[in-house]
Amino acid sequence: MSTSYHLQVVSLDGLEYEGEVQKILLRTIDGDVEILARHTNYCTAIGMGTAKVTMDDGRERKAACIGGMLSVMNGEVRVLPTTWEWSEDIDVERAKAAKAKAEEALKNQQLDKEARVRAEAKLYRALVRIGSSGQDSTYN
C-alpha cells in the first residue's frame, strides 16, 4: 500500500513543485490540515502560515504559504497558493524590513480602519515569511 501521492503546487508565479510526497501540512481558513495518501476528496481555502511538505524520501521542506486553494480529487493533491516561497528562497532581511515598516505604520493612532487592516496583513505576511525561513523560531 503506497504511502505517497502526487502533489502539484502552482502559484501565481508558476509551477513551484510537482512530484511524489508523503504528506503536506498547511493552514487553511478553518485551521491546520495534514493531507496523507488516500485522503478523501476535499477542497478548502488556504490561510497564511508555514506549509510543511514531507518528500517521498522523508526529507521535510518548509514554505511560506499565503492564500489560495487546496484541492484533493481522486488522489491528486493540488495547492494553488497566492504566494508560495520555499524557506531557502525567502529574503529574510526583506521580510524583517517589511515587518518593521508595518509595525511602524501600526503605531500611527490616526490610521483609518482600511489602512490598519492592510498594515496588519503586511505584518502577518512578514511574520509568516520570517517563521517559514527557519531563522527565527519565534514565528513558527
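Anything mentioned here points back to the structure above.
Residues numbered from 1 in each chain as written. Predicted model: local features only at pLDDT ≥ 70, side-chain atom pairs only at ≥ 80, totals over all residues. Heavy atoms only, no water.

## Some points on the overall build of the protein chain
Regarding its fold elements, the protein chain presents two helices and seven strands. In sequence order, the secondary structure elements of the protein chain are arranged as β-β-β-β-β-β-β-α-α. Once the C-alpha set of the protein chain is aligned to its principal axes, its extents read approximately 60 × 30 × 25 Å. For the protein chain, the proportion of its 140 residues judged to be buried stands at 41%. In the protein chain, the proportion of contacts linking residues at least 24 apart, taken out of those at least 6 apart, comes to 51%. Looking at the protein chain as shown, the accessible area adds up to about 8,100 Å², and 48% of this sits on carbon and sulfur atoms. Averaged over its 19 positive side-chain charges, the protein chain has a centre that lies 5 Å from the centre of its 22 negative ones. (Helix = DSSP H or I, 4+ residues; strand = E, 2+ residues; numbered from the N terminus. Buried < 20%, exposed > 50% of the residue type's maximum accessible area, 1.4 Å probe, protein only. Contact = heavy atoms within 4.5 Å. Areas by Shrake-Rupley, 256 points an atom, 1.4 Å probe, with all protein chains shown as cover. Lys, Arg positive; Asp, Glu negative; His and termini not counted. Charge placed at Lys NZ, Arg CZ, Asp CG, Glu CD.)

## Quick word on the packing of aromatic side chains
Going through the model one piece at a time under the given rule, you end up with two aromatic pairs. Measuring from centroid to centroid gives 5.2 Å for Trp84 and Trp86, while their planes differ by 85°, and the two rings are edge-to-face. With respect to class, Trp84 is no different from Trp86; both count as buried. Among the aromatic residues, those joined into a cluster by ring pairs are Tyr17, Trp84 and Trp86. Taking the ring centre of Trp86 as reference, the NZ or CZ of Arg61 above it sits at 3.6 Å. (Phe/Tyr/Trp six-rings, centres within 6.5 Å; stacked < 30°, edge-to-face > 60°. Lys NZ or Arg CZ within 6 Å of the ring centre and 35° of its normal.)

The quantities given are spatial measurements derived from coordinates; they are silent on function.
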